Amino acid sequence: MALTLEQFNSAPATQALQWLDGLYEHSPWIVERVLPQRPFVSLAQLKAALAQVVRESSADAQLDLIRAHPELAGKAMVSQSLTVESTHEQGKAGLTDCSPAEFARIQQLNSDYNARFGFPFILAVRGARGLGLSRQEIIDTFERRVHNHPDFERAEALRNIHRIAEIRLNDKFGVEPVQGNEVWDWHEKLSQHSDPGYAEKGQLTVTYLTDAHRACAQRLAQGMRDCGFDDVAIDAVGNVVGRYHAATPGARSLLTGSHYDTVRNGGKYDGRLGIYVPMACVKALAQAQRRLPFGIEVVGFAEEEGQRYKATFLGSGALIGDFKPAWLEQKDADGVTMREAMQHAGLCVDDIPKLQRDPQAYLGFVEVHIEQGPVLNELDLPLGVVTSINGSLRYLGEVIGTASHAGTTPMDRRRDAATAVAELALYVEKRAAQDADSVGTVGQLQVPNGSINVVPGRCQFSLDLRAPVDSQRDALARDVLAELAALCERRGLRYTLEETLRASAAPSDPALQQRWEAAVQAQGVPVFRLPSGAGHDAMKLHEVMPQAMLFVRGQNSGISHNPLESTTNDDMQLAVQTFSHVLNQIANDQP
């Protein structure tokens, strides 16, 4: 019979410790240290407390914890001396059924890994969904992580230990993240659609109005109908719009959603998580035959990434009346204009102006999004409340010097354009680090027609500067541009610089941010606030109505725009519960 939280909270310490025996491999001290914190209001709070104990322990204690774990398909498995929990997990992942070649490869990886790090490779082999990774997925992860920096890999091992403990804790308490599993499965099904040239390689790419994009729209629309939305439609720019009506006709609505297009060879959760989490909430309301005092409008925005056409935020921009007619004449790499793509998809270009929403009809806009960064992952926190979406400035520039012979031009006579840009890049790194949450990147650095034996006479570069408030962003830009001018003057160079993007910061609405914070706290999870370095559809809606965002932790150090982008069914479950709590808060406040 499954353990209950009430039993755990009220049991004598020796009994509680016995119940959680094996949670952390041969390391009962972790549970011992959290017992004085009882009672816990939720399993999520207990998980966070356990992770905090490990995080605050000494480096030696952390290493002892890692070394307490067995190798995958190692000597302990062969000799059948694994703990019951490890036996179950390695067996579920199929490691007891390795082919001779797979077993040999894992043994070699075990040896290489131990030689590099001095501790065994730790992987939560039951995976993000809890069903078990394939042997190939395990080997691929092993091969990737053996090249990590030792400090990073030690932290990654601990994060996997916490995931193992989370799944074991769910088993002990008989907890199944039902909604999280469903949301996870929805993402898997949607990721089956990918553009040609990528689908054949098993890569996910969905760009605006391709066959894969339109298939995604149809799947989302049908999913909304299955969840119980009252009205579902694909609008004139390809947004998928689902409405769940209020208890009273004419009431205002809460607007939410995110985008379903992707970058090339991207991840499964960027954008899409913000569509599926509210869909799960609406499904629960419909199944309970419950109406709220306000409507819920979920929008799967057709385009946010700007991959096929340079029309970033096309989908959300259309809702605020910011669709630029000039976009229609843009051509993709194959020469197809956006107008032609829309006509081929059966969209009515003339109806685009009708998509503009009346802000007075809405309570505001909220968006759930995978973090796309390492912060929550490093802190072992499943959720984060966004304080602001960073404002950004982008430039394309070129430094011009003199191309000359690499062997005959003395070092003090050179007019090297590339080293000037390299110096600028180092300054950007140093200057951005001086501010809280500012970031600066020289993402492109090219020497046109460069040769191994020629001093670069030209160097083209990009510059991306971001900060949580516009004044901080502008101060960063002034300093960087002044440094560019100064170093070019000092080196005898000239430069050109073109501003290509200026996006204002989007601070979260205080009232909506507080609702997210209250909802996170209600889950028993520590409230952590952070800015968003990436742009989101919420930035566009911010121009006409209040907005606030919730971040969900990403796995693999929070990497995004990458096939390794991942999150877990448990974190998705918490996101659904948190979103539902926000809905209930607003409902209770309505007259």
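Quantities reported herein were computed from a predicted structural model and do not represent experimental measurements. The numbering scheme is per chain: residues are counted from 1 as the chain's sequence reads. Only residues with pLDDT of at least 70 get local features here, since the model is predicted, and only at 80 or more are side-chain atom pairs given and counted; chain-wide, interface and lining totals rely on the full set of residues. With hydrogens and water stripped out, all remaining heavy atoms of the structure feed into the side-chain values.

Colleague: Would you explain the pattern of salt bridges in this entry?
Modeller: Pairing is possible between side chains of opposite charge, provided their charged atoms come close. The term salt bridge refers to a side-chain nitrogen of Lys or Arg lying within 4 Å of a carboxyl oxygen of Asp or Glu. Inspection of the entire model under this criterion finds 39 salt bridges. A salt bridge links aspartate 322 to lysine 324; the shortest N-O distance between them is 3.0 Å. Partly exposed residues are those whose accessible area sits between 20% and 50% of the maximum for their type, while under 20% is buried and over 50% is exposed, using a 1.4 Å probe and protein chains only. Judged by its relative accessible area of 38%, lysine 324 falls in the partly exposed class. Aspartate 589 serves as the salt-bridge partner of arginine 515, at 2.8 Å between the closest nitrogen and oxygen. In this pair, arginine 515 sits in helix H19 (residues 510–522) while aspartate 589 sits in helix H21 (residues 569–589), placing the two residues 74 residues apart along the sequence. What emerges from the salt-bridge pattern is a single network uniting Asp470, Arg473, Asp474, Glu499 and Arg502. Secondary structure elements are defined from DSSP: runs of H or I of at least 4 residues count as helices, runs of E of at least 2 residues count as strands, and each element is numbered from the N terminus.

Colleague: Sorry if this is basic, but what is going on with the packing of aromatic side chains here?
Modeller: Two aromatic rings, taken as a pair, are described by how far apart their centres are and by the angle between their planes. Two rings from Phe, Tyr or Trp (for Trp, the six-membered ring) form a pair when their centres sit within 6.5 Å of each other. Planes less than 30 degrees apart are called stacked, planes more than 60 degrees apart edge-to-face, and all others tilted. Enumeration over the complete set of coordinates arrives at twelve aromatic pairs. Seen from their ring centres, phenylalanine 301 and phenylalanine 365 are 6.3 Å apart, and the 50° between their planes marks the pair as tilted. Of this pair, phenylalanine 301 sits in strand E4 (residues 295–301) while phenylalanine 365 sits in strand E5 (residues 362–370), and the two are 64 residues apart along the sequence. On the accessibility criterion, phenylalanine 301 (0% relative accessible area) is buried.

Colleague: Where do I start with the packing of H19 against H21 in this structure?
Modeller: Between two packed helices, what matters for the description is the angle formed by their axes and the separation of those axes. Axes here mean lines fitted to C-alpha atoms, for a helix over just the part in contact, with angles spanning 0 to 180 degrees between N-to-C directions. The interhelical angle for the contact between H19 and H21, taken along N-to-C directions, is 120°, at an axis separation of 8 Å. In terms of orientation, H19 and H21 fall into the oblique class. The two elements H19 and H21 meet at a crossing, and its hand is right-handed. Only Thr578, Phe579, His581, Val582, Gln585, Ile586 and Asp589 of H21 make contact with H19, whose side of the interface consists of Arg515, Trp516, Ala518, Ala519, Val520 and Ala522. Residues are sorted three ways: Asp, Glu, Lys and Arg are charged, Ala, Val, Leu, Ile, Met, Phe, Trp, Tyr, Cys and Pro are nonpolar, and all the rest, Gly among them, are polar. Along the lines of polarity and charge, the residues of the contact of H19 with H21 split into eight nonpolar, three polar and two charged. Oblique is the label for every angle not falling under 35 degrees (roughly parallel), over 145 degrees (roughly antiparallel), or within 65 to 115 degrees (roughly perpendicular). In this scheme the crossing of two helices becomes right-handed for a clockwise turn of the near helix relative to the far one and left-handed for an anticlockwise turn of less than a right angle. In what follows, a contact means two residues having at least one pair of non-hydrogen atoms within 4.5 Å.

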